[in-house]
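Each chain, letter by letter, is given below.
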Amino acid sequence: KILNIVADNTGYAFGSALAAGDTNGDGFDDLAVGLPGDDTSGAIDSGSVMLFLGSATGAFTRFATVIHEDLGGVQGVAEAGDRFGETLTIAKLGADFFEDLVIGVPGDRVGTQDGAGSVHVFMSKSFGVDLSDQMVLTQSFIHSGSPEAGDEFGAALSNGDYNGDGFEDLAI
């Protein structure tokens, strides 16, 4: 089936990133749509993500869950230039049956470093993406180096079983 969504012309960059996967374990793929140019809480280009749930008919839910850094339970603060949702992937990262939502925020300020970037990993449960069960990854989480201005960590995301252990891995 074809999803026909008409985006407005306000610079939200609606759909510049897409990811599909079953975030609520119902057997139907859901669709995450990035809007990295969205102005959240007045912060220009802070970004957001819309999550549409799939169904047996092939149609997506009409009303999406909107996720951004100023949403209750979501870590971080929406700041100008964050570009939350510029990159997306949905991956089965835990030992459960649910696929998890991963959101790149390459313009995120980390400490005092503008544009160092971060990645939000939202774990999923039977009801879908759990906004209160999340990790925010930065370069310092991955290795001993410190985030630097302009690094744009999270500007690219991928997932797969890279080491052959039967579990999906996340590449940032």
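Now for a look at the structure at hand. (Residues numbered from 1 in each chain as written. Predicted model: local features only at pLDDT ≥ 70, side-chain atom pairs only at ≥ 80, totals over all residues. Heavy atoms only, no water.)

**Focus: the sheet that holds strand β1 (residues 18-21)**
- Across the sheet, four strands lie side by side as β1-β2-β3-β4; this open sheet has antiparallel pairing. Edge positions in the open sheet fall to β1 and β4 (65-67), since each of these has one partner strand only. The sheet shows a mean angle of 20° between the axes of neighbouring strands, taken without regard to direction.
- Bridging between strand β3 (residues 48-52) and β4 involves three bridges; their strand directions are antiparallel. Opposite Val49, over in β4, you have Ile67 as the bridge partner. (Pairing = 2+ DSSP bridges. Helix = DSSP H or I, 4+ residues; strand = E, 2+ residues; numbered from the N terminus. Axes fitted to C-alpha atoms, helices over the stretch in contact; angles between N-to-C directions.)

**Some remarks on the environment of Asp26**
- As for its placement among the helices and strands, Asp26 is situated in the loop between β1 and β2 (30-35).
- Since its relative accessible area comes to 34%, Asp26 is described here as partly exposed.
- Linking Asp26 and Thr40, residues 14 residues apart in sequence, is a C-alpha distance of 31 Å. (Buried < 20%, exposed > 50% of the residue type's maximum accessible area, 1.4 Å probe, protein only.)

**Re the sheet that holds strand β5 (residues 87-91)**
- Here four strands make up an open sheet; going across it, the order is β5-β6-β7-β8 and the pairing antiparallel. At either end of the open sheet lies a strand with only one pairing partner, and these are β5 and β8 (128-137). Ignoring strand direction, the axes of neighbouring strands in this sheet form an average angle of 20°.
- Here five bridges tie strand β6 (residues 100-105) to strand β7 (residues 118-125), and the two strands are oriented antiparallel to one another. Residue pairing across strands places Ile103 opposite His120, the latter belonging to β7.

**Details of the nonpolar core**
- Among the nonpolar cores identified, the biggest contains 16 residues, and Ala32, Ile67, Phe84, Leu88, Leu101, Ile103 and Phe122 are the most heavily contacted of them.
- In terms of residue count, the dominant contributor to this core is β6 (three residues).
- Beyond its immediate stretch of four places on either side in the chain, Ala32 contacts Ala17, Leu18, Ala19, Val49, Met50, Leu51, Leu88, Ile90 and Leu101.
- In terms of nonpolar packing, the next biggest core, distinct from the first, is built from seven residues, Val119, Val121, Met123 and Phe153 among them. (Core = buried A, V, L, I, M, F, W, Y, C linked by side-chain atoms within 4.5 Å. Contact = heavy atoms within 4.5 Å.)

**Things to note about the side chain of Gln134**
- Looking at where Gln134 falls in the secondary structure, it is placed in strand β8.
- Given the relative accessible area of 10%, Gln134 is considered buried.
- Polar contacts involving the side chain of Gln134 include one to the main-chain carbonyl oxygen of Gly73, which spans 2.6 Å.
- Only 3.1 Å separates the side chain of Gln134 from the backbone nitrogen of Gln75, close enough to count as a polar contact.
- Those residues in contact with Gln134 that lie beyond four places of it in its chain are Gly73, Val74, Gln75, His120, Val121 and Phe122. (Polar contact = N/O pair within 3.5 Å; in protein donor to acceptor, adjacent residues only side chain to side chain.)

**Concerning the pattern of salt bridges**
- The tally for this structure, following the rule as stated, stands at five salt bridges.
- Between Arg83 and Glu86 there is a salt bridge, with its nearest N and O atoms 2.5 Å apart.
- On the accessibility criterion, Glu86 (26% relative accessible area) is partly exposed.
- The partner of Asp133 in a salt bridge is Lys125, and the shortest N-O contact between them spans 2.4 Å.
- In this structure, a network of salt bridges that share partners links the residues Arg83, Glu86 and Glu152. (Salt bridge = Lys/Arg side-chain N within 4 Å of Asp/Glu carboxyl O.)

**Some details on the pairing of β3**
- Across the five residues of β3, five count as buried, placing the element largely inside the fold.
- Neither face of β3 is left uncovered, since the one carrying Ser48, Met50 and Phe52 and the one carrying Val49 and Leu51 both have all their residues buried.
- Here five bridges tie β2 to β3, and the two strands are oriented antiparallel to one another. Within the sheet, the bridge partner assigned to Leu35 lies in β3 and is Ser48.

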